[in-house]
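Residues per chain are reported as follows:
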Amino acid sequence: MREVTGVQTCALPISALQSQTPNNNSTMAEAAAAAAPAIPAPAGGGAAAALSGEKVTFVSKEGTRRTVAREIAELSGLAKKLSKEAAAADGDDEGSGSGSDSDEEDGGGGAKASEGIEVLASAADDATLVKAIQFMEYFKEHPVEEVEKPITTNVFNDLYADEYYRSFVNVHRDELRQLIETAESLQIEPMLEVCVVKVATMIKDHTEEEVDEAFGISGDLTPEEEEKVYAENPWLKELAAAQ
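Residues numbered from 1 in each chain as written. Predicted model: local features only at pLDDT ≥ 70, side-chain atom pairs only at ≥ 80, totals over all residues. Heavy atoms only, no water.

1. What about the sheet that holds strand 3 (residues 55-60)?
Strands belonging to one sheet form pairs held by backbone hydrogen bonds; the direction of such a pair is parallel or antiparallel.
1) Next: Taken in spatial order, the 3 strands make up an open sheet running 4-3-5, and their pairing is mixed. If you trace the sheet from one side to the other, it starts and ends with strand 4 (65-69) and strand 5 (118-121), each paired once. Between one strand and the next, the sheet's axes are offset by a mean angle of 30 degrees, whatever the strand orientation.
2) Next: In the sheet, strand 3 pairs with strand 4 via 5 bridges, with the strands oriented antiparallel. Note that in strand 4 the partner of V56 across the bridge is V68.
3) Next: The sheet strands contacting helix 6 (residues 126-141) are strand 3, strand 4 and strand 5, and the helix crosses strand 3 at an angle near 150 degrees. (Pairing = 2+ DSSP bridges. Helix = DSSP H or I, 4+ residues; strand = E, 2+ residues; numbered from the N terminus. Axes fitted to C-alpha atoms, helices over the stretch in contact; angles between N-to-C directions. Contact = heavy atoms within 4.5 Å.)

Structure (structure tokens):
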């Protein structure tokens, strides 16, 4: 097996997830998103009932905007960071007393920074962003169960009882790669965890030759290529911990 700093197979998954031939990723992602399990309605008095009404807008790399309740959006570490920064900016503005006369006549201090938060999902096409938002909405009411490490099975469904999470990663490897990149860029840790566990089960107990044959990989990575793989894909550290 390949080794990088003593961890076997870690350089394999990203190569395995790379498309070997051109394909229509957007069409595939849209179809998978449409087939995703419907998100159950929250029970009365649940977390959804306590939503503040504040919104955060995610913007796909195609420029499509999708607005989400702040409490749900903040499952994204990036969205939470931007939300906190905007709230701090609002506090600074209020403390400075710099509202204009026209603002006072309108009965307010003008638009708040926290009311217009936009989060660029630079790694996500529109269909993948939809799936990421669906994940966050579902997770709000149905947190994913903990999975013990290292992974000891190659059957993903043995690790997750919830059918939503099973179906979420039951996709072509190209879409799985997009989901991983989106979870990483938006810092959605539970989503990244589920996706990485899926990859770990995909390569569990397979030899290097079997993985290469299954994914159409030829040749070994040079040390320079392996270093680049790690730099471009920090999620591989999560994979190392899962094995």
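Additional details are given in the paragraphs that follow.
2. A short note on the packing of helix 8 (residues 173-186) against helix 9 (residues 189-203)
1) Next: Look at helix 8 against helix 9: their axes get within 9 Å of each other, and the N-to-C directions meet at 145 degrees. Here helix 8 and helix 9 pass one another in a crossing that is left-handed. Between helix 8, through L176, L179, I180 and A183, and helix 9, the contact on the second element is made entirely by M191, L192, C195, K198, V199 and M202. (Left-handed = near helix turned anticlockwise from the far one by under 90°.)

3. A closer look at helix 9
1) Next: The end-to-end C-alpha distance of helix 9, which contains 15 residues, comes to 21 Å, matching closely the 21 Å that a straight helix rising 1.5 Å per residue would cover.
2) Next: Burial analysis of helix 9 places 12 of its 15 residues in the buried class, which makes it a mostly covered element.
3) Next: Taken residue by residue, helix 9 has P190, M191, L192, V194, C195, V196, V197, K198, V199, A200, T201 and I203 as its buried positions.
4) Next: Count one or two residues on from helix 9 and you reach D205, which has phi positive near 65 degrees. (Expected span 1.5 Å × (residues − 1). Buried < 20%, exposed > 50% of the residue type's maximum accessible area, 1.4 Å probe, protein only.)

4. A closer look at the nonpolar core
1) Next: Counting residues in each nonpolar core, the largest one holds 44 residues, and the members touching the most others are F58, F135 and M191.
2) Next: No other element matches helix 9, which puts 8 residues into this core.
3) Next: Excluding residues that lie within four positions of it along the chain, F135 makes contacts with Y164, Y165, F168, I188, P190, M191 and V194. (Core = buried A, V, L, I, M, F, W, Y, C linked by side-chain atoms within 4.5 Å.)

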